[in-house]
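Here's the letter readout for the chains.
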Amino acid sequence: MNSVLGRVATAGAVRWAPRRATAGACSKVCTKVGAARPEIILGCNASTRLASSSSTPNIVPEGVYDSSRAVMPKPVVDTKKESLDELGSVDKMYYTDRVDKVAEPERRAFTYLMLSAPHFIYASFARFLVVKFVASIGLAADTLAMAFAEFDVSGMDYGKSMTVTWRGKPMFIRRRTPEEIETERKVPMEHLRDPELDDDRVINPEYVVVLAICPHLGCVPVADAGDYGGYFCPCHGSHYDTVGRIRAGPAPLNLEVPPYKFLDETTIQVG
């Protein structure tokens, strides 16, 4: 090099190399200090290599690294395959205990059985819990027995009522005469406080089924009494006709008709 300024640093001092130095001299200086501060003499090393490799030196500015002349290390690729012994399979069980799906189908079936058995047990247990929970919130047998009641009305006389009990409540069953049926059908709707047709309150016109609870204050009326020949509440003077409609008195509504049906011509099931 004709003119190379190499900045050389040591552990505690910084000094300048000679301004006009040869490639050999610069190389000696860099060798001595390179171990301590290699980053400072980067420009010096690059310029020295350029000067020694070409007759016409190409001066590289100080601090610039010539990447075209750098030698990159080649990646080391390990092409050696590890054997089973190196992986820990020294007993060769990988080969001896493999399941052959073609030659040994029974082993595959056993594997499927062992995998599916726990799932079947879990599903059965879940079903058991669901059934128990539904049964616990359902009605008891004695409650279901009280929900329905059957009554035989074959021995009843025309124009008479009988008092029975359903779910702990009193109930009237009346067998009407043809004249009573005809009279109730002719009543105008504008004369009723709680308008309701006679046919809407009965299934068989001959039999009337109503709860024996007055809708006024919950009293129990008297059957076959009152101004209209049906039911009479003596507590506050409510009068009902033979089909249980309010005709006079303070009661605001008709007597309630419970759900019922005829199992045959003379048997009534309530509930």
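Everything discussed here concerns the structure shown above.
For the structure given in this document, a descriptive report is provided here. (Residues numbered from 1 in each chain as written. Predicted model: local features only at pLDDT ≥ 70, side-chain atom pairs only at ≥ 80, totals over all residues. Heavy atoms only, no water.)

### Some thoughts on the overall build of the protein
A count of helices and strands for the protein gives seven helices and 12 strands. Burial analysis of the protein (271 residues in total) assigns 28% to the buried set. Long-range pairs, those at least 24 residues apart, make up 46% of the contacts in the protein with a sequence separation of at least 6. As displayed, the protein has an accessible area near 18200 Å², and 59% of this comes from carbon and sulfur atoms. (Helix = DSSP H or I, 4+ residues; strand = E, 2+ residues; numbered from the N terminus. Buried < 20%, exposed > 50% of the residue type's maximum accessible area, 1.4 Å probe, protein only. Contact = heavy atoms within 4.5 Å. Areas by Shrake-Rupley, 256 points an atom, 1.4 Å probe, with all protein chains shown as cover.)

### As for the nonpolar core
Membership of the largest hydrophobic core comes to 28 residues, with the highest contact counts inside it found for Phe-151, Met-171, Ile-173, Tyr-231, Tyr-240, Ile-268 and Val-270. Elements supplying a minimum of two residues to this core: strand S3 (149-152), strand S4 (160-166), strand S5 (169-175), strand S6 (207-211), strand S8 (231-233) and strand S12 (267-270). Ranked by residue count, the leading element in this core is S6, at five residues. Dropping the residues within four chain positions of it, Ile-173 is found in contact with Phe-151, Val-153, Met-156, Lys-160, Ser-161, Met-162, Val-164, Val-208, Val-209 and Ile-268. (Core = buried A, V, L, I, M, F, W, Y, C linked by side-chain atoms within 4.5 Å.)

### Considering the packing of aromatic side chains
Aromatic ring pairs are defined here through the distance separating the ring centres and the angle between the ring planes. Taken as a whole, this structure holds three aromatic pairs when the rule is applied. Considering the side-chain rings of Phe-172 and Tyr-231, the 5.0 Å spacing of their centres and the 0 degrees angle between planes classify their relative orientation as stacked. With Phe-172 in strand S5 and Tyr-231 in strand S8, this residue pair connects regions lying 59 residues apart in the sequence. Owing to a relative accessible area of 2%, Phe-172 belongs among the buried residues under this scheme. The class for Tyr-231 is buried, based on a relative accessible area of 0%. Between the aromatic rings of Tyr-207 and Phe-262, the centroid separation amounts to 6.0 Å while the plane-to-plane angle is 55 degrees, which identifies the pairing as tilted. With Tyr-207 in strand S6 and Phe-262 in strand S11 (residues 260-262), this residue pair connects regions lying 55 residues apart in the sequence. For Tyr-207, a relative accessible area of 4% gives the class buried. Site record: aromatic cluster; members linked through ring pairs are Tyr-207, Tyr-260 and Phe-262. A cation over an aromatic ring shows up here: Arg-175 above the ring of Tyr-158, its NZ or CZ 4.1 Å from the ring centre. (Phe/Tyr/Trp six-rings, centres within 6.5 Å; stacked < 30°, edge-to-face > 60°. Lys NZ or Arg CZ within 6 Å of the ring centre and 35° of its normal.)

### Quick look at helix H7 (residues 178-185)
Among all positions in H7, only Glu-180, Ile-181 and Glu-184 are buried. Relative to the axis of H7, the buried residues are bounded by an arc of 100 degrees and lie together on one face. With respect to the buried face of H7, the exposed residues turned more than 90 degrees away are Pro-178 and Glu-179. If you follow the buried residues of H7, they end up packed against S5 and strand S10 (246-248). (Arc of directions from axis to C-beta.)

### Considering a negative patch on the surface
Together, Glu-150, Asp-152, Asp-264 and Glu-265 line one region of the surface with negative charge. Mapped onto the secondary structure, Asp-152 falls in strand S3. (Patch = residues over 30% accessible without salt bridge, like charges linked within 9 Å, V, L, I, M, F, W, Y side chains within 5 Å. Salt bridge = Lys/Arg side-chain N within 4 Å of Asp/Glu carboxyl O. Lys, Arg positive; Asp, Glu negative; His and termini not counted. Charge placed at Lys NZ, Arg CZ, Asp CG, Glu CD.)

### Considering the pairing of S12
Here S12 shows two buried faces, one formed by Thr-267 and Gln-269 and the other by Ile-268 and Val-270. The pairing of S3 with S12 spans four bridges and is classified as antiparallel. Bridged to Asp-152 within S12 is Thr-267. Pairing analysis gives three bridges linking S11 to S12, with the strands arranged antiparallel. (Pairing = 2+ DSSP bridges.)

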